Every structure is written in structure tokens, then in C-alpha cells.
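# Structural overview for review
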Amino acid sequence: MRHGVRLGIDPGDARIGVARSDPTGFLATPVETVRRGKGDLARIAAIAAEEEAVELVVGLPRSLSGREGPAAVKVREFAAALARRVHPIGVRLVDERMTTVSAEAMLRDRGRTGAKRRAVVDQAAAVLILQHALDAERTTGNPPGEIVEET
């Protein structure tokens, strides 16, 4: 397992969930929800600098069959812009099928409803994306997903 803090990013149309790992890459925890729009990349870059992140892991939405649709195209564009912004920190795309649904179900089971759940669901999804990536790397010994090339 590579050493260093990683950030998990769950980009949505209105909000971006951010999570972080501990330096050993064992556990993901929520950080904050960033409002989508002007300044969002700058805020994520600032979080990466504050946390001394060595890598950012961005969730890539795919259909259950594994195909990529319009949402995946938007995330790929977002990840490329993020990679340019945080260079030389690496950015990876990882499959995030069902993470938001899982995060909402988990929060609902814990009694979070309505606005309270919406306020943290993006962070919870980012935690699930990052934790899955950490677990996959620990199991396989290989970095998860695909590296985002700067364009």
C-alpha cells in the first residue's frame, strides 16, 4: 500500500463531496461538501494542499452494465480540469456505481432525513468511493482505477 493522504471526490451537478484517508490508506472520513460552480476547483486544490494529499480519487459514474453516459463525460471533463489545477498531485478515476444510492440508504438507516441527509450525502458518497479504492489497492497491491492525463 502506498503511503500518504488521498482525497475522495464525488462530483455532482450541485455539490462535490470530499473525503480524506489517513496517511496509511486504511480509513476514509468525510471532510466537506463544496458548492459546485465558480471556485470549486480552487477549494478542492486548497483542501488537497491543507491535507498534503498525494492523490485524488474521483468517482466515475457508470451504468450497471458498465457503460458510460453523459454524466461520465461531465465527470471526465471535471477530473481533467482538476488534474490541471492540482498538478503535480495525481488524479484517478474509479468506478462509483451505486455509491450515492448506498450513502443515502446508510444515512436514512441512521435517521438522517430531508435537508440533513442532503447536506452530508455527498460527503458520505465520497467516503464510500475512497474507501472502496483504498480497499481495492490493499487487496490487489495496485493503484485503483485509471490515471487522469492532463490535457
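### Comments concerning the pattern of salt bridges
Within the structure shown, the criterion is met by 16 salt bridges. Here arginine 76 ties to glutamate 146 by a salt bridge, and the two come within 2.8 Å at their closest N and O atoms. With arginine 76 in helix H2 (residues 70-86) and glutamate 146 in strand E6 (residues 146-147), this pair connects stretches of sequence that are 70 residues apart. The salt bridge involving aspartate 135 is made with arginine 138; its shortest N-O contact spans 2.5 Å.

### Structural notes on H2
Given a rise of 1.5 Å per residue, 17 residues ought to cover 24 Å, and the 24 Å separating the end C-alpha atoms of H2 matches this to within 8%. Check the buried side of H2 and you find it contacts strand E1 (6-11), strand E2 (15-21), helix H1 (40-51), strand E4 (55-60) and strand E5 (90-95).

### Considerations on the confidence of the model for the protein chain
For the protein chain, per-residue confidence averages 89 on the pLDDT scale, and 85% of positions sit at 70 or higher. In the model of the protein chain, helix H3 (residues 99-109) stands out as the element of lowest mean pLDDT, 59, in contrast to H1, which has the highest, 98.

### A closer look at the nonpolar core
Ranked by internal contacts, the top residues of the largest apolar core, which has 25 residues, are Ile9, Ile44, Leu56, Leu82 and Val91. Secondary structure elements with two or more residues in this core: E1, E2, H1, E4, H2 and E5. Ranked by the residues each element gives to this core, the list is headed by H2, at eight residues. Discounting chain neighbours no more than four positions away, the residues touching isoleucine 9 are Ile16, Gly17, Val18, Ile44, Leu56, Val57, Val58, Gly59, Phe78 and Ile129. Counting ten residues, the second largest nonpolar core, distinct from the first, contains Val94, Ala126, Val127 and Ile129.

### Re the sheet that holds E5
Reading across the sheet, the six strands line up as E3-E2-E1-E4-E5-E6 and stay open at both edges, with mixed pairing between neighbours. Single-partner strands in this sheet number two, and they are strand E3 (28-35) and E6. Strands in contact with H1 are E1, E2, E3 and E4; relative to E3, the strand with the most contacts, it is inclined by about 150 degrees. The strands that H2 touches are E1, E2, E4, E5 and E6; relative to E4, the one it contacts most, it runs at about 170 degrees.

### Here's the deal with the packing of H1 against H2
Put simply, H1 and H2 touch, their axes get as near as 10 Å, and they point 55 degrees apart. The orientation of H1 relative to H2 falls into the category oblique. For the pair H1 and H2, the crossing hand works out as right-handed. Only Phe78, Ala81, Leu82, Arg85 and Val86 of H2 make contact with H1, whose side of the interface consists of Asp40, Leu41, Ala42, Ile44 and Ala45. Taken together, the residues of the contact of H1 with H2 sort by class into eight nonpolar, no polar and two charged.

Definitions and cut-offs
- Residues numbered from 1 in each chain as written.
- Predicted model: local features only at pLDDT ≥ 70, side-chain atom pairs only at ≥ 80, totals over all residues.
- Heavy atoms only, no water.
- Salt bridge = Lys/Arg side-chain N within 4 Å of Asp/Glu carboxyl O.
- Helix = DSSP H or I, 4+ residues; strand = E, 2+ residues; numbered from the N terminus.
- Expected span 1.5 Å × (residues − 1).
- Contact = heavy atoms within 4.5 Å.
- pLDDT = per-residue confidence, 0-100.
- Core = buried A, V, L, I, M, F, W, Y, C linked by side-chain atoms within 4.5 Å.
- Buried < 20%, exposed > 50% of the residue type's maximum accessible area, 1.4 Å probe, protein only.
- Pairing = 2+ DSSP bridges.
- Axes fitted to C-alpha atoms, helices over the stretch in contact; angles between N-to-C directions.
- Parallel < 35°, antiparallel > 145°, perpendicular 65-115°, else oblique.
- Left-handed = near helix turned anticlockwise from the far one by under 90°.
- Nonpolar A, V, L, I, M, F, W, Y, C, P; charged D, E, K, R; others polar.

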